[in-house]
Amino acid sequence: MRLPDLMATGWTEIWAHKMRSFLSFFAIAIGIATFFYTLSILSQKYSRLHDAAEIAGAGRLETKTFHPLTLVQYKDLKMRLPEGSSLSFTTEASWVQSGEGWNTLFHKGNQLVGSIVYGILPSFKDADFVYRLEGRFINWQDVENKSRVIVLVVFPHEKKKKEWHGWWERENVLTLEDYSAHHHLLQQQVVLNNQTFTVVGILHLPTQDKDLRLENKREWIPTLYIPFTTWYDLYSNENENRQVSIRVVTGKESTARNAAGTLTSYLRSQFGPEEKPEIEFFRDKIEKHVKNARKSLNNMLFMGIIAMIAGGIGIMNVTMAVIFSRTKEIGIRRALGASRKDILFQFVVEAMLLGLCGAVAGMILGYMAVLHLAEDTSQMTFSWWVVALSVLIALVTSFLFALYPAWQAAKLKPVEALKNE
Amino acid sequence: MVIAQCKNLIKIYPGAQNFRALDEVSLSIESGEFVSIMGPSGCGKSTLLNILGLLDEPTGGEYLLNGMPTAKLNDVRRTKLRRHQIGFIFQSFNLMPRLSVLENIALPMRYTNVSREEILPRARELAARVGLEKKLHSTPLQLSGGQCQRVACARSLANKPSMILADEPTGNLDSKSSADILTLLKELNDGGMTIIMVTHDLKIAAGTHRTIHMKDGKIV
Ligand SMILES: Nc1ncnc2c1ncn2[C@@H]1O[C@H](COP(=O)(O)OP(=O)(O)OP(=O)(O)O)[C@@H](O)[C@H]1O
Ligand SMILES: [Mg+2]
């Protein structure tokens, strides 16, 4: 029998027993939903990491130190690095209480909200700078003079995803983007921990789907940048060692290892031989992310496989029942000229059609899961290979599990099958 | 020309007591013959017909179809012969309940490599030949017993067999429908078709060329 005829026969039978068919493909659907969900997330993660590696540029490395760094040290270190390298120091985040005038900006209900402040250098924007800038950025003069200037970070308006679990309420946080949409913030004076600052720039972040950086978790607390030196003046004290991140981008993968050596020896020469900076190459970091992503998804895939086995057993069960109830039909078909192969294919194709139904239902389920469960759907792209792979998995599973019962059916002797009522 | 020849056919059904359903049956059927087989219930008529139709294998003896010994044929070869040489008509019609009259008649052709475009026109032709051109899209459930058996007759002709085997084709029919079916089979036989028919009805058997009487697995 030709494939279209086999499919027509199979489809007629499936349709004639809708409820039974539905129950038997349901397990397959759940398995496929799990696969679809996992594969979608995985494919998204991979493409993101790829983009992140691209935008970060080659030869990027980072380290941290707990010693305070000075401008003199910056210049000193920069000179030692390969030509064309970018060097940037960034302080850790400091929590500040918003003062007069500023208060009205950030509050949640009646509760005052602070903001986080980073001390940065102008070279901050040498690497993965994906912002749109309004006003100006912090410049070297600000750093030299320890100016009280602020660059605000404004996240874009994004359609808020409806949270299915509902415990995470963002609704009543007045965000900077809400505020900046209606108020002119440039050149405004604001008070942070009793110090008056002037807003000189506003960084507008791209929407998350266009933000290709590796760590672009959205902050719901207002984020501010001030000059590196100003930050040290105001927010560090002798008793407390504050952490500084050092970032070097050499522009070439080949020079990165050298730069790492230079950096280590420089820090040692400054802070003594016990200084052992941990250097993190961006490429390794990406790899680590990939590994983590894989690990968490492996568990999901395992669940999917279990569900597929359950689905396969369901298919096997229904195929056996179908064959039992249609033994007479097998006999008639054999008498009319059907070969063993024809009988085998008839039941295998029927099972695979069921599997296909399961795949379609499963992908709809999986897609809904992606929309409602994934943390970040903005970068979710519909990829055909995920669809193709899901369908393939369903077809292969139903094929494998239908094979044994179908073979049993094909083995039946025509007379014996015919005698069956 | 001899179309089917049996030499000392033996069929033993294994069991606690092996049952000898056919006991050294020898017969030969000429091409174009219309033969009826009669005998009491359980005498081995269906057993014989199943062997003639290659649905079953004899325990001993020889069966030659168109002069070819069939004993050593594998399932694939037997299926091919059955598909192209033999048409079956059953007492209980054995139609596919979910298929239309047209599709039922076309079914044997679906197992051949007749091109898809030729199948339905030929099925239509056969339906007209048994007088069912107005019922093409009905399903068997919507037909009378006589009509069902006519569909089965048309179906048995689908692959242009050289021999039709009918096991009590009128067993489930009233006398009027039985007569119709007999007329139809006679017409087919007049067209040159070899027909072997099991029947319990003397009147039906009287309409055939020759009647073989069986008893306890033997021809008498
Ligand atoms: N599969 C089998 N196993 C054991 N014995 C069988 C089997 N099939 C048939 N028999 C026996 O073989 C004998 C012949 O059976 P068969 O069906 O050929 O009879 P029949 O002449 O067609 O009878 P009827 O007129 O009632 O159809 C019967 O006695 C039956 O009990
Ligand atoms: Mg019988």
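Here's a quick rundown of the structure. Since the model is a prediction, treat every value here as computed from it, not as a measurement.

A short note on the site of ligand 1
Argument step 1. Taken together, 13 residues lie around ligand 1, and B:Ser41, B:Gly42, B:Lys45, B:Ser46 and B:Thr47 are the ones closest in.
Argument step 2. One chain alone does not account for the residues near ligand 1; they come from chains A and B.
Argument step 3. B:Gly42 is positioned such that a nitrogen or oxygen atom in its backbone is 2.8 Å from an oxygen atom of ligand 1.
Argument step 4. If ligand 1 stood free it would expose 640 Å²; the protein chains cover 65% of that surface.
Argument step 5. Mapped onto the shell around ligand 1, the elements with two or more residues apiece are strand 2 (19-30) and helix 1 (45-52) of chain B.
Argument step 6. Looking at the shell around ligand 1 element by element, the count peaks at 3 residues for helix 1 of chain B.

Overview of the packing of aromatic side chains
All names here are of chain A.
Argument step 1. With the rule as written, the count across this model stands at 13 aromatic pairs over all chains.
Argument step 2. A centroid spacing of 5.2 Å and a plane angle of 45° characterise the contact between Tyr74 and Trp140, whose relative ring orientation is tilted. Pair noted here: Tyr74 is in helix 3 (residues 71-80) and Trp140 is in helix 4 (residues 140-145), with a separation of 66 residues, a long-range link.
Argument step 3. Using a relative accessible area of 33% as the deciding quantity, one classes Trp140 as partly exposed.
Argument step 4. Joined through ring pairs, the aromatic side chains of Tyr74, Phe89, Trp140, Phe228, Trp231, Tyr232 and Tyr235 make up one cluster.
Argument step 5. For the cation-ring pair, Arg60 lies above Phe282, with the distance from its terminal atom to the ring centre recorded as 4.8 Å.

Focus: the packing of helix 10 (residues 340-373) of chain A against helix 11 (residues 384-411) of chain A
Any two packed helices are characterised by how steeply their axes cross, that is the angle between the axes, and by the distance between the axes.
Residue and element names in this part refer to chain A.
Argument step 1. Between helix 10 and helix 11, the shortest axis-to-axis distance is 7 Å and the interhelical angle comes to 150°. Comparing the axis directions of helix 10 and helix 11 gives the class roughly antiparallel. The handedness of the crossing between helix 10 and helix 11 is right-handed.
Argument step 2. Counted by class, the contact of helix 10 with helix 11 contains 20 nonpolar, 3 polar and 2 charged residues.

Topic: the sheet that holds strand 8 (residues 194-198) of chain B
All names here are of chain B.
Argument step 1. Overall, mixed pairing links the 6 strands, which are arranged 6-7-8-3-9-10 in an open sheet. Either end of the sheet is taken by a strand with one partner, and the two such strands are strand 6 (86-89) and strand 10 (218-219).
Argument step 2. Where strand 3 (residues 34-38) meets strand 9 (residues 210-215), 4 bridges bridge the pair, whose relative direction is parallel. Counterpart to Met38 in the pairing with strand 9 is His213.
Argument step 3. Its contacts with the sheet put helix 5 (residues 145-156) on strand 6 and strand 7 (163-167), and the angle it makes with strand 6 is roughly 170°.

Digging into the nonpolar core
Argument step 1. Ranked by internal contacts, the top residues of the largest apolar core, which has 53 residues, are B:Tyr63 and B:Met163.
Argument step 2. The greatest single-element share of this core, amounting to 5 residues, is contributed by helix 10 of chain A.
Argument step 3. If near-sequence neighbours (up to four positions away) are discounted, B:Tyr63 is found in contact with B:Ala4, B:Gln5, B:Cys6, B:Leu9, B:Ile51, B:Leu52, B:Leu54, B:Met68, B:Pro69, B:Thr70 and B:Met163.
Argument step 4. Membership of the second largest hydrophobic core comes to 52 residues, among which are A:Leu186, A:Leu203, A:Tyr232 and A:Tyr235.

Regarding unusual backbone geometry
Argument step 1. The backbone of A:Lys146 shows a phi angle near 50°, a positive value even though the residue is not glycine.
Argument step 2. Following the sequence through the fold, A:Lys146 ends up in the loop between helix 4 and strand 8 (149-154).
Argument step 3. The backbone phi angle of B:Glu168 is positive, close to 50°, even though this residue is not glycine.
Argument step 4. The topology assignment puts B:Glu168 in the loop between strand 7 and helix 6 (175-190).

Digging into the interface of chain B and chain A
Argument step 1. Listed by partner, the interface residues are 26 residues for chain B and 25 residues for chain A.
Argument step 2. Of the roughly 2200 Å² buried at the junction of chain B and chain A (both faces included), carbon and sulfur atoms supply 57%.
Argument step 3. The largest contributions to the chain B side of the interface with chain A come from B:Leu55, B:Arg98 and B:Tyr111, which together make up 29% of the buried area.
Argument step 4. With its nearest N and O atoms 3.2 Å apart, the salt bridge here joins A:Glu13 to B:Arg98.

Overview of the sheet that holds strand 2 of chain B
All names here are of chain B.
Argument step 1. The strand order across the open sheet built from 4 strands is 2-1-4-5, with neighbouring strands paired in antiparallel fashion. Each of the sheet's edge strands pairs with one partner strand only, and the pair in question is strand 2 and strand 5 (68-69).
Argument step 2. Where strand 4 (residues 60-65) and strand 5 come together, 2 bridges link them in antiparallel fashion. Paired with Leu64 across the two strands is Pro69, which belongs to strand 5.
Argument step 3. Across the face of the sheet, helix 1 comes into contact with strand 1 (2-13), strand 2 and strand 4 while running at roughly 125° to strand 1.

Some details on helix 5 of chain B
Argument step 1. For helix 5 of chain B, built from 12 residues, the straight-helix expectation of 16 Å at 1.5 Å per residue is met to within 8% by its first-to-last C-alpha distance of 16 Å.
Argument step 2. Burial within helix 5 of chain B is extensive, with 10 of its 12 residues counted as buried.
Argument step 3. Those residues of helix 5 of chain B hidden inside the fold are in contact with helix 9 (327-336) of chain A together with strand 6, helix 3 (101-110), helix 4 (116-129), strand 7 and helix 6 of chain B.

Focus: a nonpolar patch on the surface
Residue and element names in this part refer to chain A.
Argument step 1. Among the surface-exposed residues, Met19, Phe22, Leu23, Phe26, Ile30, Leu356, Val360, Ile364, Leu365 and Met368 lie close enough to one another that they form a single nonpolar patch of about 910 Å² accessible area.
Argument step 2. When contributions to the nonpolar patch are tallied by element, the ones reaching two or more residues are helix 2 (18-56) and helix 10.
Argument step 3. Within the secondary structure, Leu365 is located in helix 10.

What about the side chain of A:Gln346?
Argument step 1. Relative to the assigned elements, A:Gln346 resides in helix 10.
Argument step 2. The residues contacting A:Gln346, other than those within four sequence positions of it, are A:Leu6, A:Thr9, A:Arg326, A:Glu329, A:Arg333 and B:Tyr111.

A look at the packing of helix 1 (residues 3-16) of chain A against helix 10 of chain A
Residues and elements named next belong to chain A.
Argument step 1. At a closest axis distance of 8 Å, the pairing of helix 1 and helix 10 adopts a crossing angle of 60°. Considered as vectors, helix 1 and helix 10 are oriented oblique to each other. Considering only the axes of helix 1 and helix 10, their crossing is right-handed. Along the contact surface, helix 1 presents Leu3, Leu6, Met7, Thr9, Gly10, Trp11, Glu13 and Ile14, while helix 10 presents Asp342, Phe345, Gln346, Val349, Glu350, Leu353, Leu354 and Cys357.
Argument step 2. The class makeup of the residues in the contact of helix 1 with helix 10 is 10 nonpolar, 3 polar and 3 charged.

Thoughts on the environment of A:Phe25
Residue and element names in this part refer to chain A.
Argument step 1. Relative to the helices and strands, Phe25 is located in helix 2.
Argument step 2. Relative accessible area serves as the criterion here: at 13%, Phe25 is assigned to the buried category.
Argument step 3. As for Phe25 and Gly355, which are separated by 330 residues in sequence, their C-alpha atoms are 6.2 Å apart.
Argument step 4. Ignoring any residue separated from it by four or fewer positions in sequence, one finds Phe25 in contact with Leu354, Cys357, Gly358 and Ala361.

Scoring rules and cut-offs
The residue numbers shown here count from 1 along each chain, following its written sequence. Here every chain gets a letter starting at A, and every ligand a number starting at 1, in the order they are written. With the structure being a predicted model, the display of local features is reserved for residues of pLDDT at least 70 and the display and counting of side-chain atom pairs for 80 or more, all residues being used for whole-chain, interface and lining totals. Side-chain metrics rest on all non-hydrogen atoms present in the structure, leaving aside hydrogens and water. The near set for a molecule or strand comprises every residue that places at least one heavy atom within 4 Å of it. In protein, a polar contact requires one atom able to donate a hydrogen and another able to accept it; more generally it is a pair of N or O atoms within 3.5 Å, and residues adjacent in sequence count only if both atoms are side-chain atoms. With residues, only the protein chains shown are counted as cover, and all accessible areas are computed by Shrake-Rupley using a 1.4 Å probe. By the criteria applied, helices consist of DSSP H or I runs no shorter than four residues and strands consist of E runs no shorter than two, each listed in order from the N terminus. Here a Phe, Tyr or Trp ring, Trp counted by its six-membered ring, pairs with any other such ring whose centre lies within 6.5 Å, and the pair is stacked when the planes are under 30 degrees apart, edge-to-face when over 60, and tilted otherwise. Type-normalised accessible area, obtained with a 1.4 Å probe on protein chains alone, sets the label of each residue: buried when under 20%, exposed when over 50%, and partly exposed for intermediate values. Two conditions define a charge sitting above a ring: the NZ of Lys or the CZ of Arg must be within 6 Å of the ring centre, and it must be within 35 degrees of the ring normal. All axes here are fitted lines through C-alpha atoms, helices being fitted over the stretch that makes contact, and every angle between N-to-C directions spans 0 to 180 degrees. By the definition adopted for this analysis, an angle is roughly parallel if under 35 degrees, roughly antiparallel if over 145, roughly perpendicular if from 65 to 115, and oblique otherwise. Put simply, a crossing is left-handed when the front helix is turned counterclockwise from the back one by less than a right angle, and right-handed when it is turned clockwise. Just so you know the grouping, Ala, Val, Leu, Ile, Met, Phe, Trp, Tyr, Cys and Pro go in nonpolar, Asp, Glu, Lys and Arg go in charged, and all remaining residues, Gly too, go in polar. Should DSSP find at least two bridges between two strands, the strands are taken to pair. By definition in these notes, contact holds between two residues if any of their heavy atoms fall within 4.5 Å. In plain words, nonpolar cores are sets of buried Ala, Val, Leu, Ile, Met, Phe, Trp, Tyr and Cys residues tied together by side-chain atoms within 4.5 Å. Here the quantity called buried area is the total loss of accessible area, with a 1.4 Å probe, experienced by two parts when brought into contact, counted for both. For this document, the term salt bridge refers to a Lys or Arg side-chain nitrogen within 4 Å of an Asp or Glu carboxyl oxygen. Expected helix span is given by 1.5 Å per residue-to-residue step, counting one fewer step than there are residues. Residues form patches when they are more than 30% accessible in relative terms and have no salt bridge. Like charges link within 9 Å. Nonpolar side chains (Val, Leu, Ile, Met, Phe, Trp, Tyr) link within 5 Å.

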